[in-house]
Amino acid sequence: MLHMMDLTSLALIALAAAIWLWGLIDCARTPRDRVRFLPKLLWLLLLLNGSVLATLAWVYFGRKPAADRAKIPAGRTGSLAPAR
């Protein structure tokens, strides 16, 4: 039977694995023109190292910020803009 400490450790390991897997998939699916500072292949190799710190580095330094990715055309202000 698992003790409470074992469950806590297991939950932390599962959380770290989920964060790492999300970062790896996010890097693999990000187009090359949206990757900063290092080539995409090098980011993938860093992430394959299996470190949660590498995932945090990818999120904060590797991909371009959301403001650069989501450019709204000049004629629209949002999803509720009237059709012309």
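This report concerns the structure included in the present document. Keep in mind that what you see is a predicted model, and the values were worked out from it rather than measured. (Residues numbered from 1 in each chain as written. Predicted model: local features only at pLDDT ≥ 70, side-chain atom pairs only at ≥ 80, totals over all residues. Heavy atoms only, no water.)

### Describing the overall build of the chain
Assigned secondary structure in the chain consists of 4 helices and 0 strands. Each helix (α) and strand (β) of the chain, taken in turn from the N terminus, gives the series α-α-α-α. A buried classification covers 17% of the 84 residues belonging to the chain. Contacts in the chain between residues at least 24 apart in sequence constitute 56% of all its contacts with a sequence separation of at least 6. With the model as given, the accessible surface of the chain reaches about 6,800 Å², and the carbon-plus-sulfur share is 68%. (Helix = DSSP H or I, 4+ residues; strand = E, 2+ residues; numbered from the N terminus. Buried < 20%, exposed > 50% of the residue type's maximum accessible area, 1.4 Å probe, protein only. Contact = heavy atoms within 4.5 Å. Areas by Shrake-Rupley, 256 points an atom, 1.4 Å probe, with all protein chains shown as cover.)

### What to know about the environment of Val52
Tracing the sequence through the fold places Val52 in helix H3 (residues 52–62). Accessibility expressed as a relative area gives 28% for Val52, which makes it partly exposed. Expressed as a C-alpha distance, the spacing of Val52 and Trp20, which sit 32 residues apart in the sequence, is 5.5 Å. When neighbours within four sequence positions are excluded, Val52 is seen to be in contact with Ala16 and Ile19.

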